[in-house]
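So you can see what is in the structure, the chains are spelled out below.
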Amino acid sequence: MLLEQPQYQAFVTGLPVGVGHVVEDPDSGESFEFAGRDQDGLIYAIATLYDGVLPDGQLLETTQINYLGIAGLQMKLAGGRPIVWYCQRPQDADALTALLEDYRGAFSTRYPDGRITVRAMPAREAEPGSLGE
């Protein structure tokens, strides 16, 4: 059984439900609430892409646009800090990894220090807050 987004975020970070880590650009006022942070960087938890992954493993166009926008904003605000996306479903991690790989050139031109790693971390395979280690 899949965890809902708030519970999965808490599972990944070990923080209470509803607690996150906000990163803000003081000049533009843009901000993003990450699930948390640790010594390795900023954490983003994705409980499920729902129906955003097609049977062939590709993402729906609207899902692609959504997550490319999230990735761009995160890299802009992260200021070179690494970002890790944790996905509860391995097929979601695979699809997002492929998407980010397809746009790696564009992202590296715009955010040369930006880096997002996608990892599958099913809730049933790890202890809460363990980050899959």
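Residue positions are counted from 1 within each chain, in the order its sequence is given. Owing to the predicted nature of the model, reporting of local features is limited to residues with pLDDT of at least 70; listing and counting of side-chain atom pairs is limited to 80 or more, with chain, interface and lining totals taken over all residues. Hydrogen atoms and water are omitted, and side-chain values are computed over all heavy atoms in the structure.

Caption draft 1: Structural detail: the nonpolar core. Residues belong to a common nonpolar core when they are buried Ala, Val, Leu, Ile, Met, Phe, Trp, Tyr or Cys residues joined through side-chain atoms within 4.5 Å. Think of it in three bands: with a 1.4 Å probe and only protein chains considered, a residue is buried below 20% of the maximum accessible area for its type, exposed above 50%, and partly exposed in between. Y67, W85 and L96 are the most contacted members of the largest nonpolar core, which has 28 residues in total. Contributing elements (two or more residues each) for this core: strand 2 (31–34), strand 4 (41–46), helix 2 (61–78), strand 5 (83–87), helix 3 (90–102) and strand 6 (116–120). We count a stretch as a helix when DSSP gives it H or I for four or more residues in a row; a strand needs E for two or more, and each element gets its number in order from the N terminus. Of all the elements, helix 2 adds the most residues to this core, at seven residues. Those residues in contact with L96, other than ones at most four positions away along the chain, are I46, L49, L59, Y67, W85, C87 and V118. Should any heavy atoms of two residues lie within 4.5 Å, those residues are counted as being in contact.

Caption draft 2: Focus on helix 2. The end-to-end C-alpha distance of helix 2, which contains 18 residues, comes to 25 Å, matching closely the 26 Å that a straight helix rising 1.5 Å per residue would cover. Regarding helix 2, the residues found buried are T63, Y67, L68, I70, A71, G72, Q74, M75, L77 and A78. Among the residues trailing helix 2, G79 stands out with phi positive, at a value near 60°. Each residue after the first adds 1.5 Å to the expected span of a helix.

Caption draft 3: Summary view of the confidence of the model for the protein. The predicted model of the protein has a mean per-residue pLDDT of 91, with 93% of residues at 70 or higher. By definition, pLDDT measures how confident the predictor is in each residue, and it falls between 0 and 100. At the low end of the mean pLDDT range in the protein sits helix 4 (residues 104–110), at 91; at the high end sits strand 5, at 97.

Caption draft 4: View of the sheet that holds strand 6. Read from one edge of the open sheet, four strands run 3-4-5-6, paired in mixed fashion. At either margin of the open sheet sits one strand with a lone partner, and together these are strand 3 (36–38) and strand 6. Averaged over all neighbouring strand pairs, the angle between strand axes comes to 30°, with direction disregarded. In this description, strands pair whenever DSSP reports at least two bridges between them. Relative to strand 4, strand 3 runs antiparallel, the two sharing three bridges. Its bridge partner being in strand 4, D38 is matched across the sheet by G41. Its contacts with the sheet put helix 1 (residues 5–13) on strand 3, strand 4 and strand 5, and the angle it makes with strand 4 is roughly 145°. Helix axes are fitted only over the stretch in contact, all axes being lines through C-alpha atoms; the angle between N-to-C directions runs from 0 to 180 degrees. In the packing of helix 2 onto the sheet, contacts are made with strand 4, strand 5 and strand 6, and the angle to strand 5 comes to roughly 145°.

Caption draft 5: Here's a closer look at the packing of helix 2 against helix 3. Running from amino to carboxyl end, helix 2 crosses helix 3 at an angle of 65°, the nearest separation of the two axes being 11 Å. When the axes of helix 2 and helix 3 are compared, the pair comes out roughly perpendicular. Relative to helix 3, helix 2 is oriented so that their crossing is right-handed. Contact residues: Q64, Y67, L68 and A71 in helix 2; L96, L99 and L100 in helix 3. Residue composition of the contact of helix 2 with helix 3, by class: six nonpolar, one polar and no charged. We call two directions roughly parallel when the angle between them is under 35 degrees, roughly antiparallel when it is over 145, roughly perpendicular when it lies between 65 and 115, and oblique otherwise. By convention, the crossing between two helices is left-handed when the near helix turns anticlockwise from the far helix through less than a right angle, and right-handed when the turn is clockwise. Throughout, the ten residues Ala, Val, Leu, Ile, Met, Phe, Trp, Tyr, Cys and Pro are labelled nonpolar, Asp, Glu, Lys and Arg are labelled charged, and all others, Gly among them, are labelled polar.

Caption draft 6: Representation of the pairing of strand 4 within the structure. Counting buried positions along strand 4 yields six of six residues, so the element is predominantly enclosed. Remark: two residues form the turn of the hairpin made by strand 3 and strand 4, two consecutive strands paired antiparallel. Bridging between strand 4 and strand 5 involves five bridges; their strand directions are parallel. Within the sheet, the bridge partner assigned to I46 lies in strand 5 and is C87.

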